[in-house]
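Residue-level listing of the chains:
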There are 2 protein chains.
Amino acid sequence: MTPTPKDHSECTRNLLPVKDALDILGGKWKLPIIIALTFGNKRFKEMQREINGITAKMLSKELKDLEVNQLVKRTVYDTVPVSVEYELTTYGKSLHKVIGELRTWGLQHRKKVLSKAE
Amino acid sequence: MTPTPKDHSECTRNLLPVKDALDILGGKWKLPIIIALTFGNKRFKEMQREINGITAKMLSKELKDLEVNQLVKRTVYDTVPVSVEYELTTYGKSLHKVIGELRTWGLQHRKKVLSKAE
DNA sequence: CCGCATCCCCAAGGATACTG
DNA sequence: CAGTATCCTTGGGGATGCGG
């Protein structure tokens, strides 16, 4: 009979940073982009070709987000038809561990659920 | 076998399990629910009270998802007004590490970005 | 108490066309 | 080549009410 037991604000505290992380990795394209860049620096068009199904709009928007969050660095080369290169920052690479964990867990899970035809 | 040079199918391979994982942790409520249950078994209404802002519909739906994925166990007690208890399965608890990583990274990120008023 | 059904809204994302 | 602008679709999720 506790009037308002806000012990669960503790949950919230635990949750916030997790949501932050998911906010960055979430959405449909953030991960594909980050992972694509894991394989080396890329130019815009190049990425669009590699990331299956992404539109220029989305790629542009997501890259901007990632840039703001300092996960990706954008470099403009003053060539004739201007070329732009994207690369993961050191900070962006720090996601490697998180992604690795997600991947490991996902693999395990896939086995488990697929075996009983979800 | 591959007529088109899909070297980036390697990315895809790396990506799939990650997306699987995000599929489960993604959405607005999966994490709040899992984390709430981390703090102990809960009944439906109880969870609804603890997880700020969630509707019965969403709670119900998400719990079902989690149950299908074997992360949560649902137990119905044959009391007069039926009561239902939810708990994390061992498997569900295996997410702890992943969540921990997300949380760690999120904390770090928050510091970094908040310091320059995102 | 538990939770589904219905209706509704909005933001994420897609298609297409256009500029520097 | 590297994007931007515009319009449109979709489905995730909210509000409310009912049924077991």
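Right above here is the structure, for reference.
No experiment lies behind these values; they were computed from the predicted model shown. (Residues numbered from 1 in each chain as written. Chains lettered and ligands numbered in written order. Predicted model: local features only at pLDDT ≥ 70, side-chain atom pairs only at ≥ 80, totals over all residues. Heavy atoms only, no water.)

Q: Go over the protein's contact with DNA strand D with me, naming the residues and quoting the values.
A: Near DNA strand D, the surroundings consist of 18 residues, among which Lys45, Ser60, Arg74 and Tyr86 of chain A together with Lys57 of chain B are the closest. Backbone atoms, meaning sugar and phosphate, form 68% of the atoms of DNA strand D found within 4 Å of the protein. At the level of secondary structure, the elements contributing two or more residues to the surface near DNA strand D comprise α3 (44-50), α4 (56-68) and β3 (83-88) of chain A together with α4 (56-68) of chain B. Sort the elements by how many residues they give to the surface near DNA strand D and α4 of chain A lands first, with 4 residues. Grouping the constituent residues of the surface near DNA strand D by class yields 7 nonpolar, 4 polar and 7 charged. (Near = heavy atom within 4 Å. Helix = DSSP H or I, 4+ residues; strand = E, 2+ residues; numbered from the N terminus. Nonpolar A, V, L, I, M, F, W, Y, C, P; charged D, E, K, R; others polar.)

Q: Could you give an account of the sheet that holds β3 of chain A, naming the residues involved and the relevant values?
A: Residue and element names in this part refer to chain A. Spatially, the 3 strands line up as an open sheet ordered β1-β3-β2, and their pairing is antiparallel. Here the strands that pair on one side only, and so sit at the sheet edges, are β1 (42-43) and β2 (72-77). In this sheet, β3 lies alongside β1 in antiparallel orientation, the contact comprising 2 bridges. Within β3, the residue paired with Arg43 across the bridge is Glu85. Its contacts with the sheet place helix α2 (residues 30-38) against β1, β2 and β3, and it is angled at close to 95° to β3. (Pairing = 2+ DSSP bridges. Contact = heavy atoms within 4.5 Å. Axes fitted to C-alpha atoms, helices over the stretch in contact; angles between N-to-C directions.)

Q: Would you mind going over the interface of chain B and chain A in detail, with residue names and values included?
A: For interface size, the figure often reported is the accessible area lost on association. Contact with chain B, which involves 45 residues of that partner, is made by 45 residues of chain A. Between chain B and chain A lies a buried interface of about 4,500 Å² when both sides are counted; carbon and sulfur atoms form 66% of it. Area buried by chain B at its contact with chain A is led by Tyr91, Leu102 and Trp105 of chain B, which between them contribute 16% of it. For the pair chain B and chain A, the interface holds 4 salt bridges. We note a salt bridge from Glu101 of chain B to Lys97 of chain A, for which the minimum N-O separation is 3.4 Å. Our count for the chain B to chain A interface comes out at 12 residue pairs in polar contact (both at pLDDT 80 or more). (Buried area = accessible area lost by both parts, 1.4 Å probe. Salt bridge = Lys/Arg side-chain N within 4 Å of Asp/Glu carboxyl O. Polar contact = N/O pair within 3.5 Å; in protein donor to acceptor, adjacent residues only side chain to side chain.)

Q: Any chance you could break down the side chain of Glu101 of chain B for me, citing the residues and the numbers?
A: Its location among the elements puts Glu101 of chain B in helix α6 (residues 96-114). Here Glu101 of chain B is in contact with Lys97, Val98 and Glu101 of chain A, once residues within four sequence places are set aside.

Q: Could you give an account of the packing of aromatic side chains, naming the residues involved and the relevant values?
A: Each aromatic ring pair is summarised here by two numbers: the centre-to-centre distance and the angle between the ring planes. This structure, assessed with the given rule, holds 2 aromatic pairs over all chains. On the numbers, 5.6 Å between centres and 20° between planes, the contact of Trp105 of chain A with Tyr91 of chain B is stacked. Linking Trp105 of chain A in helix α6 (residues 96-114) with Tyr91 of chain B in helix α5 (residues 90-93), this pair reaches from one chain into another. Each member of the pair, Trp105 of chain A together with Tyr91 of chain B, is buried. The ring of Tyr91 of chain B is capped by Lys112 of chain A, whose NZ or CZ atom sits 3.7 Å from the centre of that ring. (Phe/Tyr/Trp six-rings, centres within 6.5 Å; stacked < 30°, edge-to-face > 60°. Buried < 20%, exposed > 50% of the residue type's maximum accessible area, 1.4 Å probe, protein only. Lys NZ or Arg CZ within 6 Å of the ring centre and 35° of its normal.)

Q: Explain the packing of α6 of chain A against α6 of chain B to me, and be specific about the residues and the numbers.
A: Contact geometry for α6 of chain A and α6 of chain B: axes closest at 9 Å, N-to-C directions at 160°. Considering their axes alone, α6 of chain A and α6 of chain B lie roughly antiparallel with respect to each other. For α6 of chain A against α6 of chain B, the interelement crossing comes out left-handed. Contacts from Lys97, Val98, Glu101, Leu102 and Trp105 of chain A of α6 of chain A reach α6 of chain B at Lys97, Val98, Glu101, Leu102 and Trp105 of chain B. When the residues that make up the contact of α6 of chain A with α6 of chain B are grouped by side-chain class, the tally is 6 nonpolar, no polar and 4 charged. (Parallel < 35°, antiparallel > 145°, perpendicular 65-115°, else oblique. Left-handed = near helix turned anticlockwise from the far one by under 90°.)

Q: I'd like a description of the relation of the copies chain B and chain A, backed by residues and values.
A: Aligned on chain A, chain B shows an RMSD of 0.1 Å; the corresponding rotation is 180° and the shift along the axis is 0.0 Å. The transformation just described matches what one would write down for a two-fold rotation axis. Of the interface residues in chain B, 100% have counterparts in chain A that sit at the interface too, so the contact is made through matching surfaces. (Least-squares fit on C-alpha atoms with pLDDT ≥ 70 in both.)

Q: Kindly report on the nonpolar core, identifying the contributing residues and their values.
A: Grouped together as the largest cluster of nonpolar side chains are 62 residues, with contacts concentrated most on Leu25, Ile33 and Leu102 of chain A together with Leu25, Ile33 and Leu102 of chain B. When neighbours within four sequence positions are excluded, Leu102 of chain B is seen to be in contact with Pro17, Val18, Ala21, Leu22, Leu25 and Val98 of chain A together with Leu25 of chain B. (Core = buried A, V, L, I, M, F, W, Y, C linked by side-chain atoms within 4.5 Å.)

Q: Any chance you could break down unusual backbone geometry for me, citing the residues and the numbers?
A: Residues and elements named next belong to chain A. For Gln70, which is not glycine, the phi dihedral falls at a positive 65°. With respect to the helices and strands, the residue Gln70 is situated in the loop between α4 and β2. Using a relative accessible area of 21% as the deciding quantity, one classes Gln70 as partly exposed.

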